[in-house]
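Coordinates in review
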Amino acid sequence: MPCHQTSRRQFFFSEALPEGAHNLHTVYAPVEKLGVVLTDAEPASARPCAVSTFCSSLIRLDDGRLRLYYTAYPLGLSQAWIAVAESDDGLHWDRRPLGQVQVAGSDTNRLYVQGLGDQGFLTQPQVLRLPDGRWRMYLWHHQTSGYRYVVAHSPDGLRWQVDNPPRYVVIGHYSAILAEARLDGWAPTTASLWQLKAGRTNDACYVYYNDQLGRYEYYAQWMVPAHPDRRVDVDNCPGSHRYIQRRLSADGLAWSAPELVIRRDARDPWDLQFYHLAVQWHEDWMIGSLGHYRVEEGQQTQDLELAFSRDGRRWERPVRGGFIPRAADVPGAHDPAGIYPPNAWIDQGQTWLCLYGSTHLRHNQPVGTDPTQVPAIMAARWRKQRFVGLSAGPVTGGFLSDVFYPQSPQITVDADVRG
């Protein structure tokens, strides 16, 4: 349904309870976890590799199949690359060789980006189908001088090339870019310093083309100086707090200044920060997979919280905390410490399927070499229209619905009614 049309359903996405509500509170709908669907980047390789859908992309191809662009890396994180897999159902994935990168004499499903030079560390591909039929990918290119968000294009989604020199849209560390500029003889001005600071971000980014409004939208972290009372030294960035920013663009290349759209409020734990925001439309709502990040010592966990918006600026968070439950911190569990979303869920008709990156590691733990703790891609599923509901405790509760005009002989209540 186009995003401007009025929904035919009442959702409980607002933080305020419905009119006349009594003895009620908001709860997440049930989620079915389906386990691991993709692990080990290259079956022919003898070394275990981690795989992740975090800031990666799911694309529906013209023939109906799904294509996944994901990040992979060996244990120890000595390098990283972007790989491709395809599937009919989202649960069983084919990693066919692409003829672009060989490892130990064997072909792989890794992408090689023409014109990029050093490709030892490429991560988190955001892939779009452009209105003119071309493909575009935003990817992080890590180098010793810092990291940049590089733009590549492709005629088919498999053969990629960057401009010469490579075009980048934001940067990870503006100080590193400044160092390169000074080596080139450039003396930055106050205006250029502010421009570089406005382009600063980290690498947890999601990019979309909004075909209803004809613009590109970018959601990522925005880091502000840490409040002294909320500083947590065990965090890997103790001097900053993480909020969520949005940028807009007409062409996906020149972006607006950042606009803060989500930050901690009085209902949140004192140590809560926000790590990412993946966004998609559902009827006339935008639904965000928000990175709910507890930074205090003993936690350092990442959960997927649901957030809801009509315009991408004001976000409702009716239930605080993880939508997909993390597993207990026990041997054999794949996601006790972190759950990270792809760019979008898979529409399966009556259900949504979410492929999420899982990890055993708390955020301040280094990537180790233990082969029993390999981050994998897992799946979870839930009913199509069920995200947030109302629940009563031991005492009966009730509420008044929105005004509606029946358009059919019956009204459907998608709920677990026990009384």
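Refer to the preceding data block for the structure.
Described in the following lines is the structure provided in the data block. (Residues numbered from 1 in each chain as written. Predicted model: local features only at pLDDT ≥ 70, side-chain atom pairs only at ≥ 80, totals over all residues. Heavy atoms only, no water.)

Looking at the overall build of the protein
Of the regular secondary structure elements, the protein holds two helices and 27 strands. Long-range contacts, defined here as pairs at least 24 residues apart, represent 60% of the contacts in the protein between residues at least 6 apart. Here the protein displays about 19800 Å² of accessible surface, and carbon together with sulfur accounts for 50% of that area. (Helix = DSSP H or I, 4+ residues; strand = E, 2+ residues; numbered from the N terminus. Contact = heavy atoms within 4.5 Å. Areas by Shrake-Rupley, 256 points an atom, 1.4 Å probe, with all protein chains shown as cover.)

Regarding the sheet that holds strand 18 (residues 259-262)
With antiparallel pairing, four strands are arranged side by side in an open sheet as 15-16-17-18. Looking at which strands have only one partner, the edges of the open sheet turn out to be strand 15 (206-210) and strand 18. Strand-to-strand, the axes of this sheet are offset by a mean angle of 40 degrees, without reference to chain direction. Pairing of strand 16 (residues 215-225) with strand 17 (residues 240-249), which is carried by ten bridges, proceeds in the antiparallel orientation. (Pairing = 2+ DSSP bridges. Axes fitted to C-alpha atoms, helices over the stretch in contact; angles between N-to-C directions.)

Thoughts on the pattern of salt bridges
Applying the stated criterion to the full structure yields 28 salt bridges. In this structure, Asp62 and Arg129 form a salt bridge, with 3.6 Å as the shortest nitrogen-oxygen distance. Here Asp62, found in the loop between strand 3 (49-60) and strand 4 (66-74), pairs with Arg129, found in strand 10 (residues 122-129); they are 67 residues apart in sequence, far enough to count as distant. Relative accessible area serves as the criterion here: at 73%, Asp62 is assigned to the exposed category. On the accessibility criterion, Arg129 (32% relative accessible area) is partly exposed. A salt bridge links Arg167 to Asp163; the nearest nitrogen and oxygen atoms lie 3.6 Å apart. Judged by relative accessible area, Arg167 falls into the partly exposed class, the value being 38%. Judged by its relative accessible area of 36%, Asp163 is partly exposed. (Salt bridge = Lys/Arg side-chain N within 4 Å of Asp/Glu carboxyl O. Buried < 20%, exposed > 50% of the residue type's maximum accessible area, 1.4 Å probe, protein only.)

Digging into the sheet that holds strand 3
Pairing is antiparallel in the open sheet, where four strands are placed in the order 3-4-5-6. The open sheet has two free edges, formed respectively by strand 3 and strand 6 (93-94), since each of these has just one partner strand.

So, the environment of Lys384
Mapped onto the elements, Lys384 comes out in the loop between strand 26 (376-383) and strand 27 (388-392). Distance in space between the C-alpha atoms of Lys384 and Leu353 is 9.3 Å, their sequence separation being 31 residues. In this structure Lys384 touches His282, Asp347, Gly349, Gln350, Thr351 and Trp352, once residues within four positions along its chain are discounted.

Let's talk about the nonpolar core
Core analysis: the largest hydrophobic core is formed by 23 residues, its most contacted members being Phe54, Tyr219, Ile244, Ile262, Leu277, Val279 and Trp315. For this core, the elements supplying multiple residues, two or more each, are strand 3, strand 15, strand 18, strand 19 (272-282) and strand 20 (285-294). Among the elements that make up this core, the one with the highest residue count is strand 19 (six residues). Those residues in contact with Phe54 that sit more than four places away from it in its chain are Gln124, Ala204, Tyr206, Tyr275, His276, Tyr340 and Pro341. In terms of nonpolar packing, the next biggest core, distinct from the first, is built from 22 residues, Phe12, Leu304, Ile339 and Trp352 among them. (Core = buried A, V, L, I, M, F, W, Y, C linked by side-chain atoms within 4.5 Å.)

Overview of the packing of aromatic side chains
All chains considered together, the criterion is met by 22 aromatic pairs. Between Phe13 and Trp285, the aromatic rings sit 5.1 Å apart at their centres with planes inclined by 85 degrees, giving edge-to-face as the arrangement. With Phe13 in the segment before strand 1 (24-28) and Trp285 in strand 20, the pair connects residues that are 272 residues apart, well separated along the chain. The exposure classification of Phe13 matches that of Trp285, with both residues buried. In textbook terms, an aromatic cluster arises when at least three aromatic residues are bridged by ring pairs, as seen for Phe11, Phe13, Tyr28, Trp285, Phe308, Phe323, Trp345, Trp352, Trp382 and Phe387. Geometry around Trp285 places Arg310 over its ring, the cationic atom sitting 3.9 Å from the centre. (Phe/Tyr/Trp six-rings, centres within 6.5 Å; stacked < 30°, edge-to-face > 60°. Lys NZ or Arg CZ within 6 Å of the ring centre and 35° of its normal.)

A look at the side chain of Gln273
When you line up the elements, Gln273 lands in strand 19. Of the residues examined, Gln273 reaches a relative accessible area of 4% and is grouped as buried. Within the local environment of Gln273, its side chain forms a polar contact with the side chain of Arg242, the two groups lying 2.8 Å apart. The contacts of Gln273, once residues within four sequence positions are left out, are Ser240, His241, Arg242, Gly291, His292, Tyr293 and Val295. (Polar contact = N/O pair within 3.5 Å; in protein donor to acceptor, adjacent residues only side chain to side chain.)

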